[in-house]
Amino acid sequence: CLLDHSYRKALSSLSKYYSTLKPSFGKEFKYPELNLTSGLFYFFTAYARERMPLFSPILRTYYSGDKQTGYDMIVKASKLGNEIVSEQSMYFLMKINFDIYENFQQSEQYCRKLISAYPANLLYQYYLFKIFLATDQKMKARDQILVIKYYADNNHQLTYDESLFYVNMAKTDFSEKY
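What counts and how
- Residues numbered from 1 in each chain as written.
- Predicted model: local features only at pLDDT ≥ 70, side-chain atom pairs only at ≥ 80, totals over all residues.
- Heavy atoms only, no water.
- Core = buried A, V, L, I, M, F, W, Y, C linked by side-chain atoms within 4.5 Å.
- Buried < 20%, exposed > 50% of the residue type's maximum accessible area, 1.4 Å probe, protein only.
- Helix = DSSP H or I, 4+ residues; strand = E, 2+ residues; numbered from the N terminus.
- Contact = heavy atoms within 4.5 Å.
- Axes fitted to C-alpha atoms, helices over the stretch in contact; angles between N-to-C directions.
- Parallel < 35°, antiparallel > 145°, perpendicular 65-115°, else oblique.
- Nonpolar A, V, L, I, M, F, W, Y, C, P; charged D, E, K, R; others polar.
- Salt bridge = Lys/Arg side-chain N within 4 Å of Asp/Glu carboxyl O.
- Phe/Tyr/Trp six-rings, centres within 6.5 Å; stacked < 30°, edge-to-face > 60°.

A. Focus on the nonpolar core. If you look at the biggest cluster of nonpolar residues, it comprises 36 residues, and the most contacted ones within it are Tyr71, Ile74, Met94, Tyr110, Cys111, Phe129 and Ile148. Those elements giving two or more residues to this core turn out to be helix 2 (34–51), helix 4 (67–78), helix 5 (83–100), helix 6 (104–117), helix 7 (122–134), helix 8 (138–153) and helix 9 (160–177). Here this core gets nine residues from one element, more than from any other, and that element is helix 7. In this view, Cys111 contacts Met94, Tyr124, Tyr127, Leu128 and Ile131; residues no more than four positions away in its chain are not counted. Formed by six residues, the second largest nonpolar core is a distinct cluster that contains Tyr18, Leu21, Phe41 and Tyr42.

B. Structural view of the packing of helix 7 against helix 9. Taken N-terminus to C-terminus, the directions of helix 7 and helix 9 make an angle of 5°; their axes are 10 Å apart at the nearest point. As far as their axial angle goes, helix 9 and helix 7 are roughly parallel. Facing helix 7, whose interface residues are Leu122, Leu123, Tyr126, Phe129 and Leu133, helix 9 presents Tyr166, Met169, Ala170, Asp173, Phe174 and Lys177. Residues belonging to the contact of helix 7 with helix 9 are distributed by class as follows: nine nonpolar, no polar and two charged.

C. Examining the pattern of salt bridges more closely. Within this structure, the stated rule accounts for six salt bridges. Across the salt bridge formed by Glu50 and Lys67, the nearest N and O atoms sit 3.1 Å from each other. With Glu50 in helix 2 and Lys67 in helix 4, this residue pair connects regions lying 17 residues apart in the sequence. In this structure Lys67 comes out as buried when scored by relative accessible area, which is 13%. One salt bridge connects Asp143 with Arg142, and the closest N-O pair in it is separated by 3.4 Å. Arg142 gets classed as partly exposed once you look at its relative accessible area, which sits at 39%.

D. Fine view of the packing of aromatic side chains. With the rule as written, the count across this model stands at 19 aromatic pairs. With 5.6 Å between their ring centres and 45° between their planes, Tyr126 and Tyr166 make a pair best called tilted. Remark: Tyr166 occurs in helix 9 and Tyr126 occurs in helix 7; sequence separation between them is 40 residues. Each of the two residues, Tyr126 as well as Tyr166, counts as buried. Taking the centre distance of 5.0 Å and the plane angle of 80° together, the rings of Phe165 and Tyr166 count as edge-to-face. A connected cluster of aromatic rings, assembled from ring pairs, spans Phe98, Phe104, Tyr126, Tyr127, Phe129, Phe165 and Tyr166.

In structure tokens form, the structure reads like this:
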């Protein structure tokens, strides 16, 4: 049923997030870091309206803009000198381009920027693997599993099971595709 518990919970959470974020809307020029949170809210509210037309009137009460406005704000945040905001913005741009737009080339560009700054980050290395899979680059995907394994084996902050998580996920994804 469309009105199951998860949709009602999501709408309830949206109301809470909106009341938290609302005071910051329109202040992005003075505080450019707010482009990330505002952009994410605008993008995903517009995206939810597209995906759940039944809820469009409710969602429109929060924001009636479009995804492009939100996306552009996230791009702007990715170019800031604030390392944390920039990294988070690039992460969301990588995910949006991969999962929503299926623009794997753009997703790869953001992923490579993240990997350049944080080469040992297993999540970013795993997303590069997923991009290779999505674009049927079998050899690069196979080689990327070795890269993930290298960084997992050399990350002494993780337990043995934690270090295997992304390696095993990549191996499973690879075997399911090929």
